[in-house]
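Chain residues, written in single-letter form:
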Amino acid sequence: NFREIFDLGLEFTERESLAFELYGLSHFEAAERARFLTLINAIESVCEPRMRSPKAVNHVDNLIELTCDSDLAKGEVESLVSSLQWLRKESISKTGRDFAARVLGAKRYDGKVAKQFFQHCYDVRSDIVHGGKPSDDTVLLPNLIGELDRFVADLLLTNPKRSQG
């Protein structure tokens, strides 16, 4: 399927190209956690977070202003403001769920609809990144990787821009 897509001569954005590169790279990664994280990164690379509501953005802007006016050290203010600026946009978790639902709809992976499967994988990703392993001992990473691989392939083979128009 991937060869057919490339043989069509379609042009891809930098983000889409990166997602395909990461997906391909994941097949050469022997370490389970690294392969899992590479597949998640492939999804993240094509997710474009939307702006939050104007009311939420205004609230974040107020927090930024309060932080700038605080008596914190300059470096700390800069660090906090940088982090707060990210809050103007929706989280990757929400963006990924919305993207999966839009592109894959009710398609199921590991018994879950696409958006629930993405959230489950994203939660496992957070566990691995922040704790070194899944917090749920019932998570079988090899099985999850197989389903995640299928999920990422389905996402990449479906061009949401073409399917909307």
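Below, the discussion takes up the overall build of the protein. The helix and strand inventory of the protein stands at 9 helices and 2 strands. Beginning at the N terminus, the succession of helices and strands in the protein can be written as α-α-α-α-α-α-β-β-α-α-α. Per-residue burial over the protein gives 36% buried out of 165 residues. Sequence-distant contacts in the protein: of pairs separated by 6 or more residues, those separated by 24 or more amount to 67%. For the protein, the exposed surface amounts to about 10200 Å²; the carbon and sulfur share of it is 52%.

Counted according to the given criterion, the structure contains 10 salt bridges. When the shortest N-O distance is used, the salt bridge between Asp 61 and Arg 88 registers 2.7 Å. Placement of Asp 61 in helix 4 (residues 54-68) and of Arg 88 in the loop between helix 5 (74-86) and helix 6 (92-104) is noted, with a sequence separation of 27 residues between them. Where Asp 98 meets Lys 94, a salt bridge forms, and the shortest distance between an N and an O atom there is 2.7 Å.

Moving on, we come to unusual backbone geometry. Unusually for a residue other than glycine, Asp 110 sits at a positive phi of about 50°. Here Asp 110 is to be found in the loop between strand 1 (108-109) and strand 2 (112-113).

This structure, assessed with the given rule, holds 4 aromatic pairs. For the ring pair Tyr 109 and Phe 151, a centre distance of 5.0 Å and an interplane angle of 85° mean the geometry is edge-to-face. Of the two residues, Tyr 109 is situated in strand 1 and Phe 151 in helix 8 (residues 141-157); the sequence distance between them amounts to 42 residues. With respect to class, Tyr 109 is no different from Phe 151; both count as buried.

On to the nonpolar core, then. One recurring pattern in soluble globular proteins: nonpolar side chains tend to sit buried together. Phe 36, Ile 43, Leu 144, Leu 148, Phe 151 and Val 152 are the most contacted members of the largest nonpolar core, which has 33 residues in total. For this core, the elements supplying multiple residues, two or more each, are helix 2 (14-26), helix 3 (32-46), helix 6, helix 7 (114-131) and helix 8. Among the elements that line this core, the one with the most residues is helix 8, at 9 residues. Not counting chain neighbours up to four residues away, the residues in contact with Val 152 comprise Tyr 23, Leu 39, Ala 42 and Ile 43.

Moving on, we come to the packing of helix 3 against helix 7. Running from N to C, helix 3 and helix 7 cross one another at 125°; their axes reach a closest spacing of 10 Å. Classified by the angle their axes make, helix 3 and helix 7 are oblique. Where helix 3 crosses over helix 7, the two elements pack in a sense that is left-handed. Mapping the contact onto sequence places Arg 33, Phe 36, Leu 37, Ile 40, Ile 43 and Glu 44 in helix 3 and Phe 118, Cys 121, Tyr 122, Val 124, Arg 125, Ile 128 and Val 129 in helix 7. Of the residues belonging to the contact of helix 3 with helix 7, the class tally is 10 nonpolar, no polar and 3 charged.

Inspection of the secondary structure puts Leu 84 in helix 5. Along the backbone, Leu 84 and Ile 64 are 20 residues apart, and their C-alpha atoms lie at a distance of 6.6 Å. The contact partners of Leu 84, leaving out residues within four places of it in the chain, are Val 60, Leu 63, Ile 64 and Thr 67.

What follows covers helix 7. With 18 residues, helix 7 should cover 26 Å at 1.5 Å per step; its first-to-last C-alpha distance of 25 Å lies within 8% of that length. Buried within helix 7 we find Ala 114, Phe 117, Phe 118, Gln 119, Cys 121, Tyr 122, Val 124, Arg 125 and Ile 128. Here the buried face of helix 7 lies against helix 3, helix 6, strand 1, strand 2 and helix 8. Count one or two residues on from helix 7 and you reach Gly 132, which has phi positive near 85°.

What counts, and at which threshold
- Residues numbered from 1 in each chain as written.
- Predicted model: local features only at pLDDT ≥ 70, side-chain atom pairs only at ≥ 80, totals over all residues.
- Heavy atoms only, no water.
- Helix = DSSP H or I, 4+ residues; strand = E, 2+ residues; numbered from the N terminus.
- Buried < 20%, exposed > 50% of the residue type's maximum accessible area, 1.4 Å probe, protein only.
- Contact = heavy atoms within 4.5 Å.
- Areas by Shrake-Rupley, 256 points an atom, 1.4 Å probe, with all protein chains shown as cover.
- Salt bridge = Lys/Arg side-chain N within 4 Å of Asp/Glu carboxyl O.
- Phe/Tyr/Trp six-rings, centres within 6.5 Å; stacked < 30°, edge-to-face > 60°.
- Core = buried A, V, L, I, M, F, W, Y, C linked by side-chain atoms within 4.5 Å.
- Axes fitted to C-alpha atoms, helices over the stretch in contact; angles between N-to-C directions.
- Parallel < 35°, antiparallel > 145°, perpendicular 65-115°, else oblique.
- Left-handed = near helix turned anticlockwise from the far one by under 90°.
- Nonpolar A, V, L, I, M, F, W, Y, C, P; charged D, E, K, R; others polar.
- Expected span 1.5 Å × (residues − 1).

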